[in-house]
Amino acid sequence: MQIYPAIDIQDGHLARAGGPARADDPLAVAAALLAAGASWLHVVDLDRAYDTGRDNDGLVRAICALAGARVQIGGRLRDAADVTRALELGAVRAVVATAAAVDGAALACITAAAPPGRLAVNVDLRAGRLAVRDGSAPPALAPRELVRRAGACGIRGAGGRDLDRDGALDGADGPAAGA
């Protein structure tokens, strides 16, 4: 299992700084994580993910350009344009949103547009079942089937997240039930 420290950016700051002991500068936090030995960073621009109109591209690009940084960008990457933008910002890998991955046609378009080996799929879970962040009905697909489907399209990486714990600053999720 690989743990990816997450840096969620909103309006140029960490989305949840966690109190006075933590820095509020995403670039400084990314540099500190790399200095502490992180082999990957997972960066999410929440403003882009939720279409707020704010622009954090320069900050995301600066994080991707840090010495030794291997960055994967996630955050509701729903189509080929979202994935292309993430890769253009300097990400080594783009993480396709669960909602896009369960749509076979969308997944095929995304994988056709991305260079080989540059994609992963996000597997959002709630109570061990696939879930989508927008609150719509859970997909009927089992988590393992989503990963198989992504693999059949050439995606070799998958990451899981328990939506009931996401953002709680309560440590890493345990093994995903059903995944």
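Residues numbered from 1 in each chain as written. Predicted model: local features only at pLDDT ≥ 70, side-chain atom pairs only at ≥ 80, totals over all residues. Heavy atoms only, no water.

A. Examining the confidence of the model for the protein more closely. In the predicted model, the protein carries a mean pLDDT of 87, and the fraction of residues at 70 or more is 85%. Of all helices and strands in the protein, the one with the weakest mean pLDDT is strand β8 (residues 157–162) (87), whereas helix α3 (residues 57–64) scores best (98). (pLDDT = per-residue confidence, 0-100. Helix = DSSP H or I, 4+ residues; strand = E, 2+ residues; numbered from the N terminus.)

B. Structural view of the pairing of strand β4 (residues 71–77). Counted residue by residue, β4 has five buried out of seven residues, so it is predominantly covered. Two strands pair when backbone bridges link them, and strand β3 (residues 41–45) and β4 are joined in this way by four bridges, in the parallel orientation. Along β4, the bridge assignment pairs V43 with I73. Direction of pairing for β4 relative to strand β5 (residues 93–96): parallel, over a ladder of three bridges. Paired with L77 across the two strands is V96, which belongs to β5. Handedness of the crossover joining β4 and β5 through helix α4 (residues 80–88) is recorded here as right-handed. (Buried < 20%, exposed > 50% of the residue type's maximum accessible area, 1.4 Å probe, protein only. Pairing = 2+ DSSP bridges. Right-handed = clockwise from strand over helix to strand, strands pointing away.)

C. Fine view of the packing of helix α1 (residues 26–35) against α3. Contact pair α1 / α3: the axes reach a minimum separation of 10 Å and the direction vectors enclose 15 degrees. Put simply, α1 runs roughly parallel to α3. Here the hand of the crossing between α1 and α3 comes out right-handed. Across the interface between the two elements, P26, L27 and A30 from α1 touch L59, A62 and I63 from α3. Grouping the constituent residues of the contact of α1 with α3 by class yields six nonpolar, no polar and no charged. (Axes fitted to C-alpha atoms, helices over the stretch in contact; angles between N-to-C directions. Parallel < 35°, antiparallel > 145°, perpendicular 65-115°, else oblique. Left-handed = near helix turned anticlockwise from the far one by under 90°. Contact = heavy atoms within 4.5 Å. Nonpolar A, V, L, I, M, F, W, Y, C, P; charged D, E, K, R; others polar.)

D. Region of the structure containing unusual backbone geometry. Backbone geometry at R76 places phi at a positive 60 degrees, although glycine is not the residue there. Mapped onto the secondary structure, R76 falls in strand β4. Judged by relative accessible area, which is 27%, R76 ranks as partly exposed. Even without being glycine, A127 reaches a positive phi, approximately 55 degrees. Secondary-structure assignment places A127 in the loop between β6 (119–126) and β7 (129–130). What makes A127 exposed here is its relative accessible area of 73%.

E. Seen up close, empty space enclosed by the protein. Under the criterion given, the structure shown has one cavity of 30 Å³ or more. A volume near 100 Å³ is recorded for the largest cavity. Every element with two or more residues in the lining of the largest cavity is listed here: α2 (46–49), α3, β4 and α4. Among the elements that take part in the lining of the largest cavity, β4 stands out by supplying four residues, more than any other. Of the residues in the lining of the largest cavity, the class split is six nonpolar, two polar and five charged. (1 Å grid on protein atoms, 1.4 Å probe; cavity = no way out; pocket = protein on both sides within 12 Å on 5 of 7 lines; lining within 4 Å. Points joined across faces, edges and corners; volume = space filled by probe spheres on them.)

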